[in-house]
Amino acid sequence: MSTGGCVWDAEYDVVVVGSGAGGMTAALCSQAKGLSTLLIEKDAVYGGTSAVSGGGIWIPCNHQVQAKGGSDELEAARRYVHTLTKGETEPERVDAYLDNGPAMVRYLQDEFDVHFDLVVKYPDYFMHTPGAKASHRSMEPAVFDATLLGDELEQQRPPYPGTLIMNRLSMTQAEAHTLLSKQKGWMFMFMKLMLSYWIDLPWRFKSNRDRRMKLGQALAGSLRYAMLNKKVPLWLNTGLEDLVEQDGQVVGVVAKRLVNGQSQTVRIAARRGVILACGGFEANQSMREKYLPNPTRAEWSAAPKCNHGEGIAAGINHGAATRGLDRVWGAPSIVSPVGNPATGLFVERALPRAVMVNNQGKRYVNEAGAYTAVVYAMLENHEQSGGAVPSWFVADAVYRKNYPMGPVLPGMLQPDSKLPPEWRNVIYYKADTLDELAKQIGVDAEGLKATVARNNRFAATGIDEDFGKGDNEFDRYYGDSNVKPNPCLGPIEKAPFYAVKVHPGELGTSGGLDADERGRVRSKDGGVIPGLYAIGNCSAAVMGRSYPGAGSTLGPAMVFGYLAAQDIAAKSESNGEPIEDAA
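Residues numbered from 1 in each chain as written. Predicted model: local features only at pLDDT ≥ 70, side-chain atom pairs only at ≥ 80, totals over all residues. Heavy atoms only, no water.

S.K.: Help me understand the overall build of the protein chain in this model?
M.R.: A tally of regular secondary structure across the protein chain gives 15 helices and 25 strands. Its C-alpha radius of gyration of 24 Å places the protein chain within 12% of the 25 Å reference for a compact globule of 583 residues. Counting only C-alpha atoms and orienting by the principal axes, one finds that the protein chain spans roughly 75 × 55 × 50 Å. Each of the 583 residues in the protein chain was classed as buried or not, and the buried ones make up 61%. A separation of at least 24 residues holds for 72% of the contacts in the protein chain among residues at least 6 apart in sequence. Summed over its atoms, the accessible surface of the protein chain is roughly 22,400 Å², and 51% of this surface lies on carbon and sulfur atoms. Taken as two groups, the 60 positive and 65 negative side-chain charges of the protein chain have centres that lie 5 Å from each other. (Helix = DSSP H or I, 4+ residues; strand = E, 2+ residues; numbered from the N terminus. Rg over C-alpha atoms; globule rule 2.2 N^0.38 Å. Buried < 20%, exposed > 50% of the residue type's maximum accessible area, 1.4 Å probe, protein only. Contact = heavy atoms within 4.5 Å. Areas by Shrake-Rupley, 256 points an atom, 1.4 Å probe, with all protein chains shown as cover. Lys, Arg positive; Asp, Glu negative; His and termini not counted. Charge placed at Lys NZ, Arg CZ, Asp CG, Glu CD.)

Given below as structure tokens:
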């Protein structure tokens, strides 16, 4: 095939790079607009980081709010996001996200049978900010039946153990809240989930995976199933090498494709646009050292080791502007000693009878705060004290019995005797006294004991006088509802005492190519690069350095994938090139 003097191995109207939720949404919406579309993915599995995520999307004023007994105002959401982004993002881009989020959710439901459920009780992350709401803005994918995928299930990125119960049973965000904060009926729910898993005998003979896919697994599965129904081709083992540009316009991609064990260079024409949705650069140590605050290590990341910044690098090589390359979707993490992705600490920090300290034994942040904010605080304190990277999460025996500590399950499920011996003094540390524990982990003993004593006084009154832990709905969301007066505060007093080492990890980098309100990539001279779009972590986050609520990564990735497809289709029609139904 040849077009405009170039010889192509394949031709499509749109080529989407990256098979996360944003990429699959962009591919589906492009195909539905009558644009022949190809999705390429460099890994042997599809789903990207979306498949191992919570799968949530933050969509203010979504269509389920009123039906679920809530209310919301778009102007309040605008005020909230504009306040949090502090002018780092153009108002037009924030407004494009907020204005089109509800329409995107309805479109996926009506056009592709991809459904979301409202997580009614999930609060926004910064409840003291004007415009925040305590409920009704975060949604999660509906439970999806894995049998619908057939053989495609084996090509989906498997879930992280941390998103499962006992490494097997899946749970929704709503179920996780009930279980982990020990809401009324949590034990009955746990037994019901166990029973539904084990009695699913026909499926048990086929797979250890839970047939009832939830969280990111449900999101990736439902989008892939929609692609199959709409006949959107997906090429796995096909990684982006470069963009093809003619007369200042991006007209295709060069990729390396693995076919029958042989690597082939392929040139794929994209007659109407290329949408880069291939993630950030958290797995690329050299890019981390070039752009992120130091210290920084790829092994601290809680994301799969699949994002190396190829899309960002390709855009830069073709004159794209960038923004926010020093930003991450931060998540305090515990590093695995066996090469697996680190485990993010999301729920643990809100639970009582634990504190996070630097090497002076001092707290420096509200542990229960938004994970991105905690990581920024960790880096800031390290710059001041020199001892917050790593930090230490310290808890007592009651905490150990009842709650998780990263990869260490609650003692009632995984007692110390059942933990791998090699984890001792690597993943977790244990001692009969705080003095002995401090010596093991290299923390000032007097500072740690003073911090614990102060925490214990706060636990008695229910008021954290230093950082306000537990004084808002978000902090308390994952606190233990049975602990009074503050579900996030409890005395650290019962031996033995435990500690885990905490690093400033992340869910992914959040800076990237500078894209506008339609997903078009801006050039360094201030214009746009015709034919080139960027969404998700390949683009600079619309949320700036902040994270307004659960789903603030996937929500924008999917909305701007939806908008990019619309923009490409509109341009094709306005150029007098009618498009046919690609399906």
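S.K.: Mind showing me how you'd approach the packing of helix H12 (residues 434-441) against helix H13 (residues 445-461) here?
M.R.: When two helices pack together, you describe them by how their axes are tilted relative to each other and by the distance separating the axes. Packing of H12 against H13 leaves a shortest axis separation of 9 Å and a crossing angle of 130°. Relative to H13, H12 is oriented oblique. In terms of crossing hand, the pair formed by H12 and H13 is right-handed. Between H12, through Leu434, Asp435 and Ala438, and H13, the contact on the second element is made entirely by Ala445, Glu446, Leu448, Lys449 and Val452. Classifying every residue of the contact of H12 with H13 gives 5 nonpolar, no polar and 3 charged. (Axes fitted to C-alpha atoms, helices over the stretch in contact; angles between N-to-C directions. Parallel < 35°, antiparallel > 145°, perpendicular 65-115°, else oblique. Left-handed = near helix turned anticlockwise from the far one by under 90°. Nonpolar A, V, L, I, M, F, W, Y, C, P; charged D, E, K, R; others polar.)

S.K.: Help me out: how do you make sense of the packing of helix H2 (residues 74-85) against helix H3 (residues 91-112) in this one?
M.R.: Where H2 meets H3, the axes come as close as 10 Å, and the angle between the chain directions of the two elements is 135°. Looking at the two axes, H2 sits oblique to H3. For the pair H2 and H3, the crossing hand works out as right-handed. Note on element contacts: H3 touches H2 through Pro91, Val94, Asp95, Leu98 and Asp99, opposite Leu74, Ala77, Arg78, Val81 and His82. Partitioning the contact of H2 with H3 into residue classes produces 6 nonpolar, 1 polar and 3 charged.

S.K.: Could you clarify how one ought to interpret unusual backbone geometry in this entry?
M.R.: Glycine aside, a negative phi is what most residues show, and trans is what most peptide bonds show. In this structure, the amide linkage connecting lysine 484 to the following residue, proline 485, adopts the cis form with an omega of 0°. A cis geometry characterises the amide bond from alanine 495 onward to proline 496, with omega recorded as 0°. Counting through the fold element by element, proline 496 comes out in the loop between helix H14 (473-477) and strand E22 (497-509). The phi torsion at histidine 136 lies on the positive side, around 70°, for a residue other than glycine. Using a relative accessible area of 7% as the deciding quantity, one classes histidine 136 as buried. For asparagine 260, which is not a glycine, the phi torsion comes out positive at approximately 55°. Its location among the elements puts asparagine 260 in the loop between strand E14 (249-259) and strand E15 (262-276).

S.K.: How should the packing of aromatic side chains be read in this particular structure?
M.R.: In this description, an aromatic ring pair is defined by two values, namely the gap between the centres and the angle between the planes. One pass over the full model with this rule turns up 20 aromatic pairs. Judged by centre distance (4.4 Å) and plane angle (20°), the rings of tyrosine 122 and tyrosine 477 are stacked. Of the two residues, tyrosine 122 is situated in the loop between strand E6 (116-118) and strand E7 (138-141) and tyrosine 477 in helix H14; the sequence distance between them amounts to 355 residues. Across the pair, exposure class does not vary: tyrosine 122 and tyrosine 477 are buried alike. Relative to tyrosine 429, the ring of tryptophan 392 has its centre 5.3 Å away and its plane inclined at 80°; by these criteria the two rings are edge-to-face. Of this pair, tryptophan 392 sits in strand E20 (residues 391-395) while tyrosine 429 sits in strand E21 (residues 428-431); the two residues are 37 residues apart in sequence, bridging distant segments of the chain. (Phe/Tyr/Trp six-rings, centres within 6.5 Å; stacked < 30°, edge-to-face > 60°.)

S.K.: Would you explain the pattern of salt bridges in this entry?
M.R.: Any two side chains of opposite charge can pair, so long as their charged atoms come close to each other. Scanning the entire structure with this criterion turns up 36 salt bridges. Across the salt bridge formed by arginine 78 and aspartate 95, the nearest N and O atoms sit 3.2 Å from each other. In this pair, arginine 78 is assigned in helix H2 and aspartate 95 in helix H3, connecting sequence segments 17 residues apart. Arginine 211 is the partner of aspartate 145 in a salt bridge, and the nearest nitrogen-oxygen pair spans 3.4 Å. In this pair, aspartate 145 sits in strand E8 (residues 144-145) while arginine 211 sits in the loop between helix H6 (201-204) and strand E11 (212-213), placing the two residues 66 residues apart along the sequence. Aspartate 145 gets classed as partly exposed once you look at its relative accessible area, which sits at 28%. For arginine 211, a relative accessible area of 19% puts it in the buried group. (Salt bridge = Lys/Arg side-chain N within 4 Å of Asp/Glu carboxyl O.)

S.K.: Could you clarify how one ought to interpret a nonpolar patch on the surface in this entry?
M.R.: Taken together, the side chains of Met166, Met412 and Leu413 make up a nonpolar region of the molecular surface, amounting to roughly 260 Å² of accessible area. Looking at leucine 413, the relative accessible area reads 40%, which means it is partly exposed. (Patch = residues over 30% accessible without salt bridge, like charges linked within 9 Å, V, L, I, M, F, W, Y side chains within 5 Å.)

S.K.: Looking at this structure, how should I read the pairing of strand E19 (residues 354-357)?
M.R.: Two faces belong to every sheet, and in a regular strand the side chains alternate between them. With burial as the criterion, each face of E19 is covered, one bearing Ala354 and Met356 and the other bearing Val355 and Val357. Sheet analysis places E19 next to E20, joined by 4 bridges and oriented antiparallel. By the bridge assignment for E20, alanine 354 is matched with alanine 395. (Pairing = 2+ DSSP bridges.)

S.K.: Would you take a moment to explain the sheet that holds E6 for this structure?
M.R.: One key point about sheets: their strands pair by backbone hydrogen bonds, in either a parallel or an antiparallel sense. Strand order in the open sheet formed by 3 strands is E5-E7-E6, and the pairing between neighbours is antiparallel. At either margin of the open sheet sits one strand with a lone partner, and together these are strand E5 (57-58) and E6. Two strands pair when backbone bridges link them, and E5 and E7 are joined in this way by 2 bridges, in the antiparallel orientation. The partner of tryptophan 58 across the bridge, within E7, is serine 138.

S.K.: Please clarify how the environment of proline 421 should be interpreted in this entry.
M.R.: Within the secondary structure layout, proline 421 lies in the loop between helix H11 (397-402) and E21. On the basis of relative accessible area, proline 421 is assigned to the exposed category, the value being 70%.

S.K.: When you look at the side chain of asparagine 472 in this model, what are you seeing that I'm missing?
M.R.: Assignment of secondary structure puts asparagine 472 in the loop between H13 and H14. For asparagine 472, the contacting residues outside a window of four places in its chain are Met127 and His128.

Such coordinate-based values are descriptive only and should not be taken to indicate function.
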